[in-house]
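Commentary on secondary and tertiary structure
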Amino acid sequence: MSKVYFIGAGPGATDLITLRGARLIEEADVLIYAGSLVNREILDFNKKSDEIYNSASMNLDEVLDVTIKAVKEGKTVARVHTGDPSIYGAIKEQMDELEKHGIEFEVVPGVSSFVAAAAAIKKEFTLPGVSQTVICTRLEGRTPVPEKEKLEELAKHRASMALFLSVGMIDEVVARLTKHYAATTPVAVVKRATWPDEEIIICTLETLAENVKKHNIKKTAQILVGDFIETEYEKSKLYDSKFTHEYRQAK
Ligand SMILES: C[S@@+](CC[C@H](N)C(=O)[O-])C[C@H]1O[C@@H](n2cnc3c(N)ncnc32)[C@H](O)[C@@H]1O
């Protein structure tokens, strides 16, 4: 039976999609991609289909109509989302409808932009003695954020943080974060991570807003926050010569 595949396209670079995702795109009869962020060149893995839809200009019903019609015609659908589909992907509402129609689907993970951004600045979110937690969140915009997850609430933990969908509200981001993070906390803004025009700013919270404005960054950026960007840290136990674990004896 034909199926729908929700595929994470990765952050931008066409060789950052999984082998599985690329193969499924290659084999699909119908492609629906989130055109506002997915690199259009990813669709070139498919040489056979001319049924390509850009969901940026479609509403949920229109996406579902195309998907359900295709499956009824025995066609396989690749629904291509940016980064990883489980993060701000709006896939649940699609999957729930497919389930109601008895349509089979599968989700193929992708490289999310928050890990692509960490790679771009060559940093590790989880340094021993610094932070063992990564908070992925956003500032509320037209989509609200639950009260318990307001940025200033999450900031209390001073964990490593990746902010999606928020760079356009940079003054507000800084105001909320500085309620708990020191003004000297290191931050990074990575715009269009892994795309040819990727841009990186590394500074501190106190200079973040002015730098973002100076570089005119208004969207498609990750804001990474926390001491993991620049600090002293403890070495890991994993590779400590005095530490025994399942695969290695201490020396
Ligand atoms: C609707 S969310 C989708 C997130 C996506 N599912 C992911 O896993 O990265 C869109 C937001 O993701 C972030 N984003 C997506 N691609 C990016 C990239 N290449 N570089 C930096 N941020 C990116 C931006 O914050 C953007 O506003």
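Residues numbered from 1 in each chain as written. Predicted model: local features only at pLDDT ≥ 70, side-chain atom pairs only at ≥ 80, totals over all residues. Heavy atoms only, no water.

As annotated in an unreviewed UniProt entry, the protein is Cobalt-precorrin 4 C11-methyltransferase from Dethiosulfatibacter aminovorans DSM 17477. Under Sequence similarities (unreviewed entry), UniProt gives the following word-for-word description of the protein: "Belongs to the precorrin methyltransferase family." As recorded by UniProt, the Pathway (unreviewed entry) comment attached to the protein reads in full: "Cofactor biosynthesis; adenosylcobalamin biosynthesis." (UniProt positions renumbered as here; feature names shortened; annotations may be inferred.)

1. Some words on the UniProt feature "domain: Tetrapyrrole methylase" (unreviewed entry) in the protein
Sequence positions flagged by UniProt for "domain: Tetrapyrrole methylase" (unreviewed entry) are, in local numbering, residues 3-209. Segment residues 3-209 splits into 28% helix and 21% strand. End C-alpha atoms: 46 Å apart. (Helix = DSSP H or I, 4+ residues; strand = E, 2+ residues; numbered from the N terminus.)

2. Notes on the sheet that holds strand 10 (residues 221-225)
Across the sheet, which stays open at both edges, the five strands sit in the order 6-7-10-8-9 with mixed pairing between neighbours. Each edge of the open sheet carries a strand with a single partner, namely strand 6 (134-138) and strand 9 (199-204). The average undirected angle you get between the axes of adjacent strands in this sheet is 20 degrees. Pairing of strand 6 with strand 7 (residues 160-164), which is carried by five bridges, proceeds in the parallel orientation. The residue of strand 7 that forms the bridge with Cys136 is Ala162. Relative to the sheet, helix 4 (residues 113-120) contacts strand 6, strand 7, strand 8 (186-191), strand 9 and strand 10, its axis offset from that of strand 10 by approximately 65 degrees. On top of the sheet, helix 7 (residues 205-214) reaches strand 8, strand 9 and strand 10; it is set at about 145 degrees to strand 9, its chief contact. (Pairing = 2+ DSSP bridges. Axes fitted to C-alpha atoms, helices over the stretch in contact; angles between N-to-C directions. Contact = heavy atoms within 4.5 Å.)

3. Quick word on the packing of helix 6 (residues 170-177) against helix 7
The contact between helix 6 and helix 7 brings their axes to 9 Å, and the two run at 175 degrees. Considering the angle they form, helix 6 stands roughly antiparallel to helix 7. Counted together, Ile170, Asp171, Val174 and Leu177 of helix 6 and Leu205, Leu208, Ala209, Val212 and Lys213 of helix 7 form the full contact between these two elements. Looking at the contact of helix 6 with helix 7 residue by residue, the class counts come to seven nonpolar, no polar and two charged. (Parallel < 35°, antiparallel > 145°, perpendicular 65-115°, else oblique. Nonpolar A, V, L, I, M, F, W, Y, C, P; charged D, E, K, R; others polar.)

4. Overview of helix 3 (residues 92-100)
Every buried residue of helix 3 is accounted for by Gln94, Met95 and Leu98. Around the axis of helix 3, the buried residues are gathered within 95 degrees of arc, so they sit on the same side. Turned more than 90 degrees away from the buried face of helix 3 sit Lys92, Glu99 and Lys100, all of them exposed. Of the surrounding secondary structure, the elements contacted by the buried residues of helix 3 are strand 1 (4-8), helix 2 (60-72), strand 4 (77-81) and strand 5 (105-108). At the exit of helix 3 stands Gly102, carrying a positive phi of roughly 70 degrees. (Buried < 20%, exposed > 50% of the residue type's maximum accessible area, 1.4 Å probe, protein only. Arc of directions from axis to C-beta.)

5. Some words on the pairing of strand 1
Across the five residues that make up strand 1, a large majority, five, are buried. Burial of strand 1 is two-sided: the residues Val4, Phe6 and Gly8 facing one way and the residues Tyr5 and Ile7 facing the other way are all buried. Sheet analysis places strand 1 next to strand 4, joined by five bridges and oriented parallel. Residue Phe6 lies in a different strand from strand 4, and its bridge partner there is Arg79. Where strand 1 lies against strand 5, four bridges are found, and the strand directions are parallel. Across the sheet, residue Phe6 finds its bridge partner in strand 5, namely Val107.

6. Some words on the site of the ligand
Near the ligand, the surroundings consist of 18 residues, among which Ile87, Ser112, Ser113, Ala193 and Ala221 are the closest. Pro11 is positioned with one of its backbone polar atoms (N or O) 2.9 Å from a nitrogen atom of the ligand. Split by domain, the residues of the shell around the ligand number at least three in each of domain 1 (4-108) and domain 2 (113-229). (Near = heavy atom within 4 Å. Polar contact = N/O pair within 3.5 Å; in protein donor to acceptor, adjacent residues only side chain to side chain. Domains from an automatic or database assignment.)

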